[in-house]
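Here is what each chain is made of, one letter per residue.
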Amino acid sequence: MPEPETESTQPPAPKPAHPHSATLKRLEQSSGSLAAQAIARMDETLPWYRAMPPENRSWIGLVAQAGIAAFTEWFRHPDAPQAISTDVFGTAPRELTRAITLRQTVEMVRTTIEVMESAIDEVAAPGDESVLREALLVYAREIAFATAQVYAQAAEARGAWDARLESLVVNAVLSGEADEGAVSRAAALGWNSPEHVCVVLGTAPDGDSELTVEAIRRASRHAKLQVLTGVLGDRLVVIAGGNDNPLAVAKALIGPYAAGPVVAGPIVPDLLAATRSAQAAAAGLKACSAWQDAPRPVLADDLLPERAMAGDPAARDQLVEEIYRPLEEAGSALLETLSVYLEQASSLEGAARMLFVHPNTVRYRLRRVTDVTGWSPSDVRSAFTLRIALILGRLADGDPQS
């Protein structure tokens, strides 16, 4: 009978020894002391490290230890693919990228590499000094790339999250739902509650909305404005703070807008009140087509008559409360004179004849109308606004529910 097959009892072939096994062993034995030296050097030379809370310093210590351990593995397997960013920076929480800047991380890595480089003559076995030094140089290059990658990824993630937060804030303001939550989100984005805030609305250009948003940011930095911005549908919305002149704000930011009207809402005191500015700007943008010669940009308050005729109740109330009521309180003579002057095609002599007064009296009363309302009856555009305000005021007085 044939003999049964038996498993080979030959021992497996031994793995080839590392060409620099003595240096590798000494590197493994000294990794702890090298990490301690790196931490001591940071504490001695980096003021920002000394000022950090203990928790963050401990995380940085772990990163330094992981970096030296990763170099040891790099030296053990120089040809194997190494995920350095995971090996080194994966030991620390993601929040550490917010706690220390890229510059500080570079200083930390440089200090650790310098400590390792200064110890080469002690760690390397005789004759391996140049090999270890060359490996450290290559590793330093790779760790630099890994550092850049970690911070780039963190910046991308933070940028995407910030964009979502900003979109929520802008949408809340535009839809009239701004609350303390929106204020808190804006603060997280760097909005530091400027005193003067206004909303600018217009058509968004075609193409990448991120490029449009970045163009608005560049323009705002040049104009020294704070902005929260976003593209909502076909609208480019900018909430701007830091200037009490809404027209100047709109002119400073108008570059990235597409062709078409750009409307600036009135100045309001804070972000919570920005809803009022946004609603005025939105109503102005809707009604702007009725004023074909409107300037670009244009103030929402300059579009009050068009907004009122388009059905904007806020514009109707504003015309009545800011024009008609002050004239009514100033005396019936001003209302009567303005009404007759407008009915007589803005003729001083015609109004004087109808009122049985001297033309100078009409002229004086019209100056008083300008003083009271801020709108000049002799200007064609202002006269149109005053006429609409008179009509709305009379309608309000004649409404039994008013």
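Here, the structure is the one placed above.
Model, not experiment: these values are computed from the prediction.

J.: Before we move on, can you summarise helix α17 (residues 359-373) with the specific residues and values?
T.: For α17, built from 15 residues, the straight-helix expectation of 21 Å at 1.5 Å per residue is met to within 8% by its first-to-last C-alpha distance of 21 Å. Of all the residues in α17, the buried ones are Val362, Arg365, Leu366, Val369 and Thr373. Down the axis, α17 shows its buried residues gathered within 100° of arc, on one side only. Contact partners of the buried residues in α17: α14 (313-330), α15 (332-343), α16 (348-355) and α18 (380-398). Just downstream of α17 lies Gly374, where phi reads positive at about 85°.

J.: Describe the nonpolar core, listing the residues and the values that go with them.
T.: Ranked by size, the top nonpolar core spans 33 residues in total, and within it Met42, Trp48, Ile60, Phe71, Met108, Leu132 and Tyr139 carry the most contacts. Contributing elements (two or more residues each) for this core: α1 (21-45), α2 (47-50), α3 (54-76), α6 (102-118), α7 (120-123) and α8 (129-174). Ranked by residues supplied to this core, first place goes to α3 with 8 residues. With residues up to four places along the chain from it excluded, the contact list for Phe71 reads Leu27, Met116, Leu132, Ala135, Leu136 and Tyr139.

J.: Quick one: what's the story with the pattern of salt bridges, residue by residue and with numbers?
T.: One pass over the full model with this rule turns up 11 salt bridges. Of the charged contacts, one joins Arg381 and Glu306 as a salt bridge, the two residues approaching to 2.6 Å between their closest N and O atoms. With Arg381 in helix α18 and Glu306 in helix α13 (residues 304-309), this pair connects stretches of sequence that are 75 residues apart. When its relative accessible area of 19% is taken as the criterion, Arg381 is described as buried. Between Glu343 and Arg387 there is a salt bridge, and its shortest N-O distance comes to 3.7 Å. Remark: Arg387 occurs in helix α18 and Glu343 occurs in helix α15; sequence separation between them is 44 residues. For Glu343, a relative accessible area of 54% gives the class exposed.

J.: I'd like to hear about unusual backbone geometry, residue by residue, with values.
T.: The omega torsion of the bond from Arg296 to Pro297 falls at 0°, within 30 degrees of zero and hence cis. Within the secondary structure, Pro297 sits in the loop between α12 (274-287) and β5 (298-299). Positive phi values are uncommon outside glycine, yet Lys224 reaches one of about 60°. Within the secondary structure, Lys224 is located in the loop between α10 (209-223) and β2 (226-232). On the accessibility criterion, Lys224 (72% relative accessible area) is exposed. You will see that Ala345, though not glycine, has its phi angle at about 60°, which is positive. Along the polypeptide, Ala345 turns up in the loop between α15 and α16.

J.: Explain the packing of aromatic side chains residue by residue, including any values.
T.: Counted under the stated rule, the structure contains 1 aromatic pair. Arranged with centres 6.3 Å apart and planes meeting at 85°, the rings of Trp48 and Tyr49 form a pair that is edge-to-face. Classification of Tyr49 by relative accessible area gives buried; the value is 4%.

Rules and cut-offs
Residues numbered from 1 in each chain as written. Predicted model: local features only at pLDDT ≥ 70, side-chain atom pairs only at ≥ 80, totals over all residues. Heavy atoms only, no water. Helix = DSSP H or I, 4+ residues; strand = E, 2+ residues; numbered from the N terminus. Expected span 1.5 Å × (residues − 1). Buried < 20%, exposed > 50% of the residue type's maximum accessible area, 1.4 Å probe, protein only. Arc of directions from axis to C-beta. Contact = heavy atoms within 4.5 Å. Core = buried A, V, L, I, M, F, W, Y, C linked by side-chain atoms within 4.5 Å. Salt bridge = Lys/Arg side-chain N within 4 Å of Asp/Glu carboxyl O. Phe/Tyr/Trp six-rings, centres within 6.5 Å; stacked < 30°, edge-to-face > 60°.

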